[in-house]
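Fold and geometry: a report
So you can see what is in the structure, the chains are spelled out below.
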Amino acid sequence: MSSIDEERLAPLRAEHARLQREMADPALHENASRARRVGRRYAELEAVIGAADELRGLRADLAAAEELGGEDPEFAAEADALRVQAERAAERLEDLLAPRDPDDARDVIMEIKAGAGGEESALFAAELMRMYRAYADSRGWRTEVLTASESELGGVRDATLAITSRSAASAADGVFAHLKHEAGVHRVQRVPVTESAGRVHTSAVGVLVLPEADETDEDELLAEAMAPANLRIDVYRSSGPGGQSVNTTDSAVRITHVPTGIIASCQDQKSQLQNKEQALRILRTRILDVQRAQQDAEASAVRRSQVRTVDRSERIRTYNFPESRVADHRTGYKAGNLAAVLGGDLEELIASSRTAEREARLADAAEGADAPGPA
């Protein structure tokens, strides 16, 4: 059975108690930026402390059952069951204590773009969009379509989604922790609806997953970048469907971040103000991602996680319709349940990537611990 040193948990318990007192102080919520950071950290520690207390209780029950099991078969059987439960609880606690991406607790902005394959790629992009929305629903998350451009046959040429948790989440349960490994190129092999000869075609769809920047993040990394002097805001007439007002007024908004050239636009909402808010939301997240990438590159030649180092153009997964098979090329995971996956059953696929990330982080931590210090 994996053992957890209480000395290792003691500082976390002290921090948890301190944050609990801090969250009860109304003064905290006068500073929105700090309140959000405290809330995230508290949710993370709450999960750790809860798992530690559960493990401690199971071990106490196990010790009592083992003591009585020598004379009573029923207690012996109970001890066997408790031993399994305690081992699982210890593994969960170790997982919660493992090094993590600091963005894991964040919500995400997801962009889905049709690539090679023309109309067939756009149709599959629409299927991926439905897949992620179904997965989010299964976890109780909210999904909001910020922008979407449809193709002639009802596919999606590009779309931007906001996927958010309904409450403060621990890092282990965060939206970004689950979805960040979906970033990359998704390849589909099937007979397109536009194919008359029945030949299998290969198409590709790109998925980008960014940890969503909060407005409060501007206090730290984005204050100067998002200054009004650095933004050029253009309004124009929307070109797509969306109701009477969309096509008759200059409601669409395009915002350019002048220093970097990063652009975000939105025309899907009915008012110019709503489109501006959505465009700012997307722009803020894109700039934060660039800034953090620059910080990571300056800090180390090795980026902080497997996902954040991968080339966005790298093929990560193949969906093979003739064989009803899905394969992840990074972890080697394969399954013959393609219909279920496209219906939102992504748990095993995502778990394979999260396990690989966890093992890589533990290996990096061990390597760092073994590295010789300065002479």
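Further up the page is the structure itself.
Fair warning: this is a prediction, and the values are worked out from it, not measured in the lab.

Parameters and conventions
- Residues numbered from 1 in each chain as written.
- Predicted model: local features only at pLDDT ≥ 70, side-chain atom pairs only at ≥ 80, totals over all residues.
- Heavy atoms only, no water.
- Phe/Tyr/Trp six-rings, centres within 6.5 Å; stacked < 30°, edge-to-face > 60°.
- Buried < 20%, exposed > 50% of the residue type's maximum accessible area, 1.4 Å probe, protein only.
- Lys NZ or Arg CZ within 6 Å of the ring centre and 35° of its normal.
- Helix = DSSP H or I, 4+ residues; strand = E, 2+ residues; numbered from the N terminus.
- Polar contact = N/O pair within 3.5 Å; in protein donor to acceptor, adjacent residues only side chain to side chain.
- Contact = heavy atoms within 4.5 Å.
- Pairing = 2+ DSSP bridges.
- Axes fitted to C-alpha atoms, helices over the stretch in contact; angles between N-to-C directions.
- Expected span 1.5 Å × (residues − 1).
- Core = buried A, V, L, I, M, F, W, Y, C linked by side-chain atoms within 4.5 Å.
- Salt bridge = Lys/Arg side-chain N within 4 Å of Asp/Glu carboxyl O.
- Arc of directions from axis to C-beta.

1. Some words on the packing of aromatic side chains
Within the structure shown, the criterion is met by two aromatic pairs. When the ring of Tyr135 is compared with that of Trp141, the centres are 5.8 Å apart and the planes differ by 85°; the resulting orientation is edge-to-face. The class of Tyr135 is buried, set by a relative accessible area of 1%. The side chain of Arg190 reaches across the aromatic face of Phe321, ending 4.7 Å from its centre.

2. Describing the side chain of Glu127
Within the secondary structure layout, Glu127 lies in helix α4 (residues 119-138). A polar contact is formed between the side chain of Glu127 and the side chain of Arg190, at a distance of 2.5 Å. Non-local contacts of Glu127, meaning those with residues more than four positions away in its chain, are made with Arg190, Phe321 and Leu342.

3. A closer look at the sheet that holds strand β7 (residues 252-257)
What the three strands build is an open sheet, ordered β6-β7-β8; its pairing is antiparallel. Whereas interior strands pair on both sides, the edge strands pair on one side only; in this sheet they are β6 (231-236) and β8 (262-266). Each strand of the sheet is rotated relative to its neighbour by a mean of 15°, with strand direction disregarded.

4. Points about the pairing of strand β3 (residues 156-164)
Extensive coverage of β3 is indicated by the burial of seven of its nine residues. Pairing between strand β1 (residues 108-114) and β3: six bridges, direction antiparallel. Looking across to β3, one finds that Ile109 is bridged to Ala162. Of the pairings in the sheet, the one linking strand β2 (residues 142-150) to β3 comprises eight bridges and is antiparallel in character.

5. A word on α4
Here α4 spans 29 Å end to end across 20 residues, near enough to the 28 Å set by a 1.5 Å rise per residue. With its phi angle positive at about 80°, Gly140 sits one or two positions after the end of α4.

6. Quick word on the nonpolar core
Counting 35 residues, the largest nonpolar core has Met110, Ile112, Tyr132, Ile163, Leu179 and Tyr319 as its most contacted members. Listed by contribution, the elements that provide at least two residues to this core are β1, α4, β3, α5 (175-179), β5 (201-211), α8 (338-342) and α9 (347-370). It is α4 that contributes the most residues to this core, nine residues altogether. Excluding residues within four positions of it along the chain, Ile163 makes contact with Asp107, Val108, Met110, Ala136, Trp141, Arg142, Thr143, Val175 and Leu179. Counting 25 residues, the second largest nonpolar core, distinct from the first, contains Leu19, Ala35, Leu58 and Ala86.

7. Thoughts on the environment of Leu283
Tracing the backbone shows Leu283 in helix α6 (residues 272-299). Leu283 gets classed as buried once you look at its relative accessible area, which sits at 0%. Contact partners of Leu283, with chain neighbours within four places excluded, come to Met226, Leu231, Ile255, His257, Ile262, Ile263 and Ala264.

8. A few points about the pattern of salt bridges
This structure, assessed with the given rule, holds 25 salt bridges. Salt-bridge contacts for Asp104 lead to Lys180; the nearest nitrogen and oxygen are separated by 2.7 Å. Of the two residues, Asp104 is situated in the loop between α3 (73-97) and β1 and Lys180 in the loop between α5 and β4 (184-190); the sequence distance between them amounts to 76 residues. We note that Asp104, like Lys180, is buried. A salt bridge links Arg232 to Asp234; the shortest N-O distance between them is 3.6 Å. Through salt bridges that share partners, Asp101, Asp104, Lys180 and Glu357 make up one connected network.

9. Structural notes on helix α1 (residues 6-23)
With 18 residues, α1 extends 25 Å between its outermost C-alpha atoms, agreeing within 8% with the 26 Å of an ideal straight helix rising 1.5 Å per residue. Where α1 is concerned, the buried positions are Leu9, Leu12, Glu15, His16, Leu19 and Glu22. The arc that holds the buried residues of α1, viewed along the axis, is 135°, so those residues lie on one side. For α1, exposure combined with an orientation more than 90 degrees from the buried face picks out Glu7 and Arg21.

10. Observations concerning the sheet that holds strand β11 (residues 334-335)
Strand order in the open sheet made by the eight strands is β2-β3-β1-β5-β4-β9-β10-β11, with mixed pairing throughout. Taken across any chain shown, the strands that pair with only one partner, and hence form the sheet edges, are β2 and β11. Bridge count for β4 against β5 is seven bridges, and the pairing is antiparallel. Bridge pairing in β5 places Val185 opposite Gly206.

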